[in-house]
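A closer look at the structure
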Amino acid sequence: FVPVRRVPPRFSIPPTNHEIMPGGSVNITCVAVGSPMPYVKWMLGAEDLTPEDDMPIGRNVLELNDLFILIKNVCCYIVLTVFLYVYLALPKPPGTPVVTESTATSITLTWDSGNPEPVSYYIIQHKPKNSEEPYKEIDGVATTRYSVAGLSPYSEYEFRVVAVNNIGRGPPSEPVSTRTSEQAPSSAPRNVQARMLSSTTILVQWEEPEEPNGQIQGYRVYYTMDPTQHVNSWMKHNVADSHITTIGNLVPQKTYSVKVLAFTSVGDGPLSSDIQVITQTGVPGQPLNFKAEPESETSILLSWTPPRSDTISSYELVYKDGEHGEEQRVSTEPTTSYRLQGLRPNSLYLFRLAARSPQGLGASTAEISARTMQSSRCLSLKYLF
């Protein structure tokens, strides 16, 4: 009689280090050896997951969570608890956004979620294209379609989308670039100037609007001898692809008012402030950028830019104290500033300026105003009482 030698079972479970998405699955393999060869059974708590009549020998593979392993041969039982860790992952990048609608101030985007698992919400990031500034973000977008508003007309922007789940925000999508639509200009042409070429012809010059909002298609120059009429009654001269034009057949020795506007394919922008010009050969145009800044309780500093391409011999300053004061006239050197002194404290003054050449006096600027500073003695009395 030779007794049968019984060997307790040995087993191994390869480590499972895979990330498992919620609702996903994993295959766990248990390999056992012994004498006699053991059966391998999987159990979930007290629940038997391997039927007795189909219990494999030496190896069993199962897709499960929170499970136990029961290894059995004829001499003993071994129970091993297996812990299965489910790792939650950040969401994947959404699909590249697609532009479905564009206006002058908004862009509508749609995109594919790019995630099989639920997404809490999306973040839309946008910034001007080729800009170094950080992305602006629109948080809490619950759908895969959104209109981004508050954009500038006829401007290029870059957009991308970020998905967010319970763990956090994932990486951004690939960016998409697009341009908003055109709009009529929202500002008038700048630095409008006019000067005489002859007694019946004026040269008008200007610069592009600061806010063109699109491709400028051209300009309209309005002029009249009677600025009290509505601008629709003024004479009109259209200009394309230029910032300079001449207007002829004018009446000599008259004062004309001139305005300019720019237009795009969408419509007309606002008119510039009117300037005046006298139809007399050699007479200078209006001084530009006329400003008045109070310096003290008795002085105001006046500054300006000379008319373009004119020979100026002097300037004539006209001013008065308030709306009903008597006009005073001062002749100045051909400089670009003048300090008016001997004024009354805390008083409003009105100013006009014209340039003079050997041929005569040009048109005056529009009237501007400034108030002298309050007297320090008056301030002391105010606080005293």
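Right above here is the structure, for reference.
Residues numbered from 1 in each chain as written. Predicted model: local features only at pLDDT ≥ 70, side-chain atom pairs only at ≥ 80, totals over all residues. Heavy atoms only, no water.

1. What about the overall build of the protein?
Threshold: The helix count covers DSSP runs of H or I at least four residues long, the strand count covers runs of E at least two residues long, and both are numbered beginning at the N terminus. Whether a residue is buried, partly exposed or exposed follows from its accessible area with a 1.4 Å probe, protein chains only, as a fraction of its type maximum: under 20%, in between, or over 50%, in that order. We call two residues in contact whenever any of their non-hydrogen atoms come within 4.5 Å of each other. Only the protein chains shown count as cover for residues, with accessible areas throughout obtained via the Shrake-Rupley method and a probe of 1.4 Å.
When you go through the protein residue by residue, the secondary structure sums to one helix and 30 strands. Scored against the burial criterion, the 385 residues of the protein give a buried share of 41%. Long-range pairs, those at least 24 residues apart, make up 61% of the contacts in the protein with a sequence separation of at least 6. When the accessible area of the protein is evaluated, it comes to approximately 21,500 Å², of which 49% is carbon and sulfur surface.

2. What about the nonpolar core?
Stated formally: Among the buried residues, those of types Ala, Val, Leu, Ile, Met, Phe, Trp, Tyr and Cys that are joined through side-chain atoms within 4.5 Å form a nonpolar core.
Core analysis: the largest hydrophobic core is formed by 19 residues, its most contacted members being Ile202, Val204 and Trp206. Of all the elements in the fold, those that place two or more residues in this core are strand S16 (190-198), strand S17 (201-207), strand S18 (218-224), strand S21 (255-263) and strand S22 (275-278). The element best represented in this core is S21, accounting for four residues. Apart from the residues within four sequence positions on either side, valine 204 is in contact with Val192, Gln193, Ala194, His243, Ile244, Thr245, Ile247, Val258 and Val260.

3. Remarks on the sheet that holds S21
Heads up, the rule is: Two strands qualify as a pair provided DSSP detects at least 2 bridges between them. In this analysis, axes come from line fits to C-alpha atoms, helices being fitted only over the stretch in contact, and the angle between any two N-to-C directions falls in the range 0 to 180 degrees.
Pairing is antiparallel in the open sheet, where four strands are placed in the order S19-S18-S21-S22. Where the open sheet ends on each side, the last strands, each with one partner, are strand S19 (235-239) and S22. Sheet twist, expressed as the mean angle between neighbouring strand axes with direction ignored, is 30°. With five bridges connecting them, S18 and S19 associate as antiparallel partners. Bridge pairing in S19 links tyrosine 219 to valine 239.

4. Considerations on unusual backbone geometry
Backbone geometry at asparagine 191 places phi at a positive 50°, although glycine is not the residue there. Among the structural elements, asparagine 191 can be located in strand S16. What makes asparagine 191 partly exposed here is its relative accessible area of 33%. Its identity is not glycine, yet asparagine 249 carries a phi of approximately 60°, on the positive side. Among the structural elements, asparagine 249 can be located in the loop between strand S20 (244-247) and S21.

5. A few points about empty space enclosed by the protein
Any empty space left between atoms is shown by rolling a water-sized probe over those atoms. Which entries qualify depends on this criterion: For cavity detection a 1 Å grid was placed over the protein atoms alone, and a set of points counts as a cavity when a 1.4 Å probe fits there but cannot get out; an open set counts as a pocket when protein lies on both sides within 12 Å along at least five of seven lines, with lining residues being those that have an atom within 4 Å of a point. Grid points are joined across faces, edges and corners, and a volume is the space filled by probe spheres set on the points. Residue polarity follows a fixed list, in which Ala, Val, Leu, Ile, Met, Phe, Trp, Tyr, Cys and Pro are nonpolar, Asp, Glu, Lys and Arg are charged, and the others, Gly among them, are polar. By convention here, the domain bounds are inherited from an automatic or database domain assignment.
This model, assessed by the stated rule, comprises one cavity of 30 Å³ or more. Each pocket or cavity is described by its volume, and for the largest cavity that value is around 100 Å³. Considering the residues around the largest cavity, the lining is formed by 13 residues, among which Gln193, Ala194, Gly285, Gln286 and Pro307 are closest to the centre. Put simply, the parts of the chain that give the lining of the largest cavity at least two residues each are S16 and S17. Element by element, the count of residues in the lining of the largest cavity is highest for S16, at four residues. Residues that form the lining of the largest cavity fall into these classes: six nonpolar, four polar and three charged. The two domains that each donate at least three residues to the lining of the largest cavity are domain 3 (193-279) and domain 4 (288-371).

6. Digging into the layout of surface pockets
For the largest pocket, the calculated volume is near 370 Å³. Taken together, 16 residues make up the lining of the largest pocket; nearest its centre are Ser273, Ile275, Pro287, Leu288 and Asn289. For the lining of the largest pocket, the elements supplying multiple residues, two or more each, are S16 and strand S23 (288-294). In terms of residue class, the lining of the largest pocket is built from eight nonpolar, six polar and two charged. Domain assignment of the residues forming the lining of the largest pocket places at least three in each of domain 3 (193-279) and domain 4 (288-371).

7. Points about the sheet that holds S20
The strands making up a sheet associate through hydrogen bonds between their backbones, and the pairing can be parallel or antiparallel. Strand order in the open sheet formed by three strands is S16-S17-S20, with antiparallel pairing between adjacent strands. Each having just a single partner strand, S16 and S20 make up the two edges of the open sheet. Neighbour-to-neighbour, the strand axes of this sheet turn through a mean angle of 20°, independent of strand direction. Relative to S17, S16 is paired through six bridges, and the arrangement is antiparallel. Of the residues in S17, the one forming a bridge with methionine 196 is isoleucine 202.

8. Brief notes about the packing of aromatic side chains
Rule in force here: Each pair of aromatic rings taken from Phe, Tyr and Trp, with Trp reduced to its six-membered ring, is defined by centres within 6.5 Å and is described as stacked if the planes are under 30 degrees apart, edge-to-face if over 60, and tilted in the remaining cases. Definition used: whenever NZ (Lys) or CZ (Arg) falls within 6 Å of the ring centre and also within 35 degrees of the ring normal, the charge is taken to sit over that ring.
The full count for this structure, using the stated rule, is six aromatic pairs. On the numbers, 5.3 Å between centres and 55° between planes, the contact of tryptophan 206 with tyrosine 219 is tilted. Taken together, the residues span a long stretch of sequence, with tryptophan 206 in strand S17 and tyrosine 219 in strand S18 at a distance of 13 residues. Tyrosine 219 shares its class with tryptophan 206; the two are buried. The interplanar angle of 65° and the centroid separation of 6.4 Å between the aromatic rings of phenylalanine 290 and tryptophan 304 together place this pair among those described as edge-to-face. Taken together, the residues phenylalanine 290 in strand S23 and tryptophan 304 in strand S24 (residues 300-305) connect sequence positions 14 residues apart. Like tryptophan 304, phenylalanine 290 is buried. Cluster of aromatic residues (ring-pair linked, three or more members): Phe290, Trp304 and Tyr315. Across the ring face of tyrosine 135, the terminal group of lysine 127 is positioned such that the distance to the ring centre comes to 4.9 Å.

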